[in-house]
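Chain by chain, the residues:
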Amino acid sequence: MKILSFAIPCYNSAEYMEKCIKSVLTGGEDVEIIIVDDGSSKDDTAKIADKYAEKFPTIVKAVHQENGGHGQAVNTGLLNATGKYFKVVDSDDWVDQKSYKKILATLKSFEKDDEPDMVIANYVYEKVGAKRKKVIHYENALPVDRMFGWNEMGHFKVDQYILMHSVIYRTQLIKEFGLKLPEHTFYVDNIFVFEPLPVVQKMYYMNVNFYRYFIGREDQSVNETVMISRIDQQLRVTRRLIDSYLGNKPVNERCRKYMVTYLRIMMEVSSIFLIISGTDENLVKKKELWKYVKDSDS
């Protein structure tokens, strides 16, 4: 069995996807790389995926599908994953090589009867033009280099919350959980990292700067103008997280507290972008969102 399966969702990503693929290829036969071509039609994404699958047939799989959006591409990656652990790397991002070696060595070291459900590592904002790179790390909130549970979690700062960039899930856990992301929807990375939390019991944190998160493309979903234009998708995801939490509340109190704070941040982000959009229509949507929360759970 492969140690780690990577899913790389690609949509017209020919300009930058090879940097991503090459960064994870250094894991060799320990890893499985699933390149998901999400209906790319404007460039050579499909050809590049097939090229790597032909060159590295025991490591790389190229999967082509009709366009279903980032969430459907992650679903496809998970469906095809055979490794013990599962990680999503977006096609414009990459992984740090020194940290990568440590991650793989640690994943291989776990005993069969004592494996973590979730492995957490740091991520770095690779922002275009920034001289200093911002690192999101967790050593003040999580025990380092050992297994732990929810009751050992410390206090998170606002910018420290665990995102898709920082997470490696045990593959069987999220498959058995039945995780399925919606099609044609942005911001589904929040669903990916949030919904399985009630079934997570064992965690392991490594204080290494593993994931490199590229910031700087004008069409990125985190661009302020883009976020305002896609606010309805942000709202859809926020409502789904609320419903998911209320329908599957975790037994552990610390886990519940963490999830509620995550929801608070989602509500804040949604509310802020609705306000700064400056339209009467979006102010109405803000009131509707808060009414939805209060009607769901007073």
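The present account deals with the structure reproduced in this document. (Residues numbered from 1 in each chain as written. Predicted model: local features only at pLDDT ≥ 70, side-chain atom pairs only at ≥ 80, totals over all residues. Heavy atoms only, no water.)

1. Quick word on the overall build of the protein chain
Item 1. Along the protein chain, the regular secondary structure elements total ten helices and ten strands.
Item 2. The C-alpha atoms of the protein chain give a radius of gyration of 19 Å, which matches the 19 Å a tight globule of 298 residues would have.
Item 3. Looking at the protein chain as a whole, 52% of its 298 residues are labelled buried.
Item 4. Within the protein chain, residue pairs in contact and separated by at least 24 positions form 78% of the contacts whose partners lie at least 6 positions apart.
Item 5. Distance between charge centres in the protein chain, computed from 42 positive and 42 negative side chains, equals 4 Å. (Helix = DSSP H or I, 4+ residues; strand = E, 2+ residues; numbered from the N terminus. Rg over C-alpha atoms; globule rule 2.2 N^0.38 Å. Buried < 20%, exposed > 50% of the residue type's maximum accessible area, 1.4 Å probe, protein only. Contact = heavy atoms within 4.5 Å. Lys, Arg positive; Asp, Glu negative; His and termini not counted. Charge placed at Lys NZ, Arg CZ, Asp CG, Glu CD.)

2. Structural notes on the packing of helix α8 (residues 231-247) against helix α9 (residues 253-276)
A pair of packed helices is captured by two measures, namely the crossing angle of their axes and the spacing between those axes.
Item 1. Between α8 and α9, the shortest axis-to-axis distance is 10 Å and the interhelical angle comes to 160 degrees. The orientation of α8 with respect to α9, classified from their angle, is roughly antiparallel. Between α8 and α9 the crossing geometry is left-handed. Counted together, Ile231, Gln234, Leu235, Val237, Thr238, Leu241, Ile242 and Tyr245 of α8 and Arg256, Met259, Val260, Tyr262, Leu263, Met266, Met267, Val269, Ser270, Phe273 and Leu274 of α9 form the full contact between these two elements.
Item 2. Here the residues of the contact of α8 with α9 sort into 15 nonpolar, three polar and one charged. (Axes fitted to C-alpha atoms, helices over the stretch in contact; angles between N-to-C directions. Parallel < 35°, antiparallel > 145°, perpendicular 65-115°, else oblique. Left-handed = near helix turned anticlockwise from the far one by under 90°. Nonpolar A, V, L, I, M, F, W, Y, C, P; charged D, E, K, R; others polar.)

3. A look at unusual backbone geometry
Item 1. Of note, the phi angle at Asn12 is positive, near 50 degrees, even though the residue is not glycine.
Item 2. For Asn12, the position within the fold is in the loop between β1 (4-10) and α1 (17-25).
Item 3. Classification of Asn12 as buried rests on a relative accessible area of 17%.
Item 4. Notably, Asp145 is not glycine yet its phi reads approximately 60 degrees, a positive angle.
Item 5. Of note, Asp145 is situated in the loop between β7 (134-136) and β8 (147-148).

4. Thoughts on helix α3 (residues 69-80)
Item 1. Its twelve residues place the ends of α3 17 Å apart at the C-alpha level, agreeing with the 16 Å of an ideal helix rising 1.5 Å per residue.
Item 2. Burial within α3 is extensive, with nine of its twelve residues counted as buried.
Item 3. Among the residues of α3, Gly69, Gly71, Gln72, Ala73, Val74, Asn75, Thr76, Gly77 and Leu78 are the ones counted as buried.
Item 4. In this structure, the buried side of α3 is in contact with β1, β2 (31-38), β3 (60-65), β4 (85-88), α5 (171-177) and α6 (189-194). (Expected span 1.5 Å × (residues − 1).)

5. Looking at the nonpolar core
Item 1. Ranked by internal contacts, the top residues of the largest apolar core, which has 95 residues, are Ile33, Ile162 and Phe192.
Item 2. If one sorts the elements of this core by residue count, α9 sits on top with ten residues.
Item 3. Excluding its chain neighbours within four sequence positions, the residues that come into contact with Ile33 are Phe6, Ile8, Ile21, Val24, Leu25, Ile59, Val60 and Lys61. (Core = buried A, V, L, I, M, F, W, Y, C linked by side-chain atoms within 4.5 Å.)

6. As for the packing of α1 against helix α2 (residues 45-55)
Item 1. Running from N to C, α1 and α2 point in directions that differ by 20 degrees, and their axes come no closer than 11 Å. One way to sum up the angle between α1 and α2 is to call them roughly parallel. For α1 against α2, the interelement crossing comes out right-handed. Contact residues: α1 offers Met17, Glu18, Ile21, Lys22 and Leu25, while α2 offers Thr45, Ile48, Ala49, Lys51 and Tyr52.
Item 2. When grouped by side-chain class, the residues that make up the contact of α1 with α2 number six nonpolar, one polar and three charged.

7. Brief notes about the pattern of salt bridges
Item 1. Counting across every chain of the model gives 18 salt bridges.
Item 2. Lys61 is paired through a salt bridge with Glu32; the nearest N and O atoms lie 3.1 Å apart. Of this pair, Lys61 sits in strand β3 while Glu32 is found in strand β2, placing the two residues 29 residues apart along the sequence.
Item 3. Given the relative accessible area of 31%, Lys61 is considered partly exposed.
Item 4. Glu32 sits in the buried class, given a relative accessible area of 4%.
Item 5. When salt bridges with common partners are traced through the structure, they connect Asp96, Glu126, Lys133 and Arg212 into a single cluster. (Salt bridge = Lys/Arg side-chain N within 4 Å of Asp/Glu carboxyl O.)

8. A look at the side chain of Asn282
Item 1. Among the secondary structure elements, Asn282 is positioned in helix α10 (residues 280-296).
Item 2. At 2.8 Å, the side chain of Asn282 and the side chain of Ser277 are in polar contact.
Item 3. When residues no more than four places from it in sequence are discounted, the contact partners of Asn282 are Ile231, Leu274 and Ser277. (Polar contact = N/O pair within 3.5 Å; in protein donor to acceptor, adjacent residues only side chain to side chain.)

9. Here's the deal with the packing of aromatic side chains
Item 1. Throughout the structure, instances matching the rule amount to 19 aromatic pairs.
Item 2. Here a set of aromatic residues connected by ring pairs shows up, and it is made of Tyr138, Trp150, Phe156, Tyr161, Phe194, Tyr205, Tyr258 and Tyr262.
Item 3. The ring centre of Trp94 lies 3.6 Å from the NZ or CZ of Lys19, which sits over that ring. (Phe/Tyr/Trp six-rings, centres within 6.5 Å; stacked < 30°, edge-to-face > 60°. Lys NZ or Arg CZ within 6 Å of the ring centre and 35° of its normal.)

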